[in-house]
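Structural description and commentary
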Amino acid sequence: MRVNNVVLVHGAFVDGSGWEPVYQLLTAQGYQVHIVQHPTTSLAADVAATQAVLDLQDGPVVLVGHSYGGVVITEAGHHPKVARLVYLAAFAPDSGESVQKLCALPLPGAPLPPMLAPVRGFVRLDQAKFAAAYAADLQAERAAFLASAQQPLGLDAFTGEVGMPAWRSRPSWYLVASEDNMIAPLAQQLMAQRAGAAVTAARSSHAVHESHPAAVAALIDRAARDLR
C-alpha cells in the first residue's frame, strides 16, 4: 500500500525552499508533502525539528534527506511514523560517524568542498566556488543567488555523531548524483551499498533536487510504493 506522507529534509548551506520543484510534482500525484525548515545549528536541533514535523503526520511517512539532511534522517528516522528512507546525494552515516569524520578521509581524486574556516561557530562555502561545487547544472543566476543566500552550517551539526542508524531498521533508497563535486559519487555509492539501499543515479550536480526534480520525485514515488 502506498505511503502518502512525505517529509523532506534539506541539507547544509541551503534551506527548504529548494524543494519546491519536487513538492509541486509530488503534490500533483496526491502526496501530502511537508518540508522541514531546520536550523542546521546542531544535529540534535535538526533532529528535533524533523521529529516535530513527523509528529504532525497522520500516518506512515517517507522521510527524505538531501546532503547533510541524510545525517538528520539517519538519526530522526527512528520515529515510529517513519516507514521508509530516501537519500539524495546524501551522507548516510553509520554509528559514531559525522559529516566531519566522513569528510576527513576523502577517496583518492574526490572533490574537496570549498569550505571556509569557521566564523563564530559556523561554516560557509567559498561564494566564488559555490556554483562549481554545489550547483554546476543550475542556471547561473540561481546558483549565484544560492551562493549569496547560504544558510551556514553550525560546527555542532558538522561534528554531530549518529547513534544507531535508522537505515538498519528501515528500507532505504538512494539517488547518486554522478557529477557531484560536494560528496564524491563513489562515496555515495559505498554509503548506499552499506545501508542496503536500492540505488539509482542521475547525471547531476549536488543540487539534484533542483536540477532533476522529476528523477527525485520518481524515486520518492518508488519508495512510497515500496518498489525495489
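Residues numbered from 1 in each chain as written. Predicted model: local features only at pLDDT ≥ 70, side-chain atom pairs only at ≥ 80, totals over all residues. Heavy atoms only, no water.

Focus: the overall build of the protein
Under the convention used in this document: Strands here are runs of E lasting at least two residues and helices are runs of H or I lasting at least four, both read from the DSSP assignment and numbered beginning at the N terminus. The reference for a compact globule is 2.2 Å times residues^0.38; the radius of gyration itself is calculated from the C-alpha atoms. Partly exposed describes any residue whose relative accessible area lies between the buried limit of under 20% and the exposed limit of over 50%, with all areas from a 1.4 Å probe on protein chains only and scaled to the type maximum. Only heavy atoms matter for contacts: two residues are in contact if any of them lie within 4.5 Å across the pair. For accessible areas, the Shrake-Rupley method is used with a probe of radius 1.4 Å. Any residue's cover is judged against the shown protein chains and nothing else. Positive charge is attributed to Lys and Arg, negative charge to Asp and Glu, and no charge count is given to His or to the chain ends. By convention, the charge on Lys lies at NZ, on Arg at CZ, on Asp at CG and on Glu at CD.
What the protein contains, in helices and strands, is ten helices and eight strands. In terms of overall dimensions, the protein is globule-like: its C-alpha atoms have a radius of gyration of 16 Å, near the 17 Å expected for 228 residues. Along the first, second and third principal axes, the C-alpha set of the protein runs to 45 × 35 × 30 Å. Here the protein, with 228 residues, has 53% of them falling under the buried criterion. At a minimum sequence separation of 6, the contacts of the protein that also span at least 24 residues come to 73%. In the form shown here, the protein has an accessible surface area of approximately 9600 Å², with 56% of it arising from carbon and sulfur atoms. Each charge sign in the protein was given a centre, from 15 positive and 18 negative side chains, and these centres are 5 Å apart.

Section: unusual backbone geometry
At Thr40, a position not held by glycine, the phi torsion is positive, near 50°. Structurally, the position occupied by Thr40 is in the loop between strand E2 (32-36) and helix H2 (43-55). Since its relative accessible area comes to 0%, Thr40 is described here as buried. The backbone phi angle of Asp226 is positive, close to 60°, even though this residue is not glycine.

Quick word on the packing of H2 against helix H3 (residues 69-76)
This is how the line gets drawn: As a rule, the C-alpha atoms of each element are fitted with a line to give its axis, helices using only the stretch in contact, and angles between N-to-C directions run from 0 to 180 degrees. Take the far helix as your reference; a near helix turned counterclockwise from it by less than a right angle gives a left-handed crossing, and one turned clockwise gives a right-handed crossing. All residues other than Ala, Val, Leu, Ile, Met, Phe, Trp, Tyr, Cys, Pro, Asp, Glu, Lys and Arg, Gly among them, are scored as polar; the first ten of these are nonpolar and the last four charged.
With their axes 9 Å apart at the nearest point, H2 and H3 run at an angle of 65° to one another. Here H2 runs over H3; the crossing is right-handed. Residues Leu43, Asp46, Val47, Thr50, Gln51 and Leu54 of H2 touch H3, and the partners they reach there are Val71, Val72, Glu75 and Ala76. Its residues placed into classes, the contact of H2 with H3 shows six nonpolar, two polar and two charged.

Details of the sheet that holds strand E4 (residues 82-88)
Note the following rule: Strands pair, by our definition, only if DSSP identifies at least two bridges between them.
One open sheet accounts for six strands, arranged E2-E1-E3-E4-E7-E8; its pairing is parallel. On the outer flanks of this sheet lie E2 and strand E8 (198-202), each paired with one strand and no other. Mean inter-strand twist for the sheet, computed between neighbouring axes without regard to direction, equals 20°. Bridging between strand E7 (residues 172-177) and E8 involves five bridges; their strand directions are parallel. Bridge pairing in E8 places Tyr174 opposite Val199. Docked against the sheet, H2 engages strand E1 (5-9), E2, strand E3 (61-66) and E4, running at close to 160° with respect to E2. Together, E1, E3 and E4 form the strand contacts of H3, whose direction differs from that of E3 by roughly 145°.

Details of the nonpolar core
Heads up, the rule is: What makes a nonpolar core is a set of buried Ala, Val, Leu, Ile, Met, Phe, Trp, Tyr and Cys residues whose side-chain atoms join them at distances within 4.5 Å.
Within the largest apolar cluster, 48 residues are counted, with the highest numbers of intra-cluster contacts made by Leu63, Tyr68, Leu85, Tyr87, Phe130, Tyr134 and Tyr174. Once you skip the residues sitting within four places of it in the chain, Leu85 turns out to touch Leu63, Ile73, Gly77, Ala166, Trp167, Arg170, Pro171, Ser172 and Trp173. Judged by nonpolar contacts, the second largest core, of 25 residues, contains Leu88, Ala202, Ala217 and Ile220.

Quick notes on helix H6 (residues 140-148)
For clarity, the threshold we go by: Our arc is simply the arc of the directions from the helix axis toward the C-beta atoms.
All buried positions along H6 are accounted for by Ala143, Leu146 and Ala147. All buried residues of H6 fall inside an arc of 100° around its axis, so they share one side. Counted as exposed and oriented over 90 degrees from the buried face of H6: Glu141 and Ser148.

Thoughts on the packing of helix H1 (residues 20-28) against helix H10 (residues 213-224)
The condition that has to hold: Angular relationships are summarised with four words: roughly parallel below 35 degrees, roughly antiparallel beyond 145, roughly perpendicular across 65 to 115, and oblique for the angles in between.
Where H1 meets H10, the closest approach of the two axes is 9 Å, and the angle between their N-to-C directions is 50°. In terms of orientation, H1 lies oblique with respect to H10. The crossing of H1 and H10 is right-handed. Contact residues: Pro21, Val22, Leu25 and Leu26 in H1; Pro213, Ala214, Val216, Ala217 and Ile220 in H10. Of the residues assigned to the contact of H1 with H10, the class counts are nine nonpolar, no polar and no charged.

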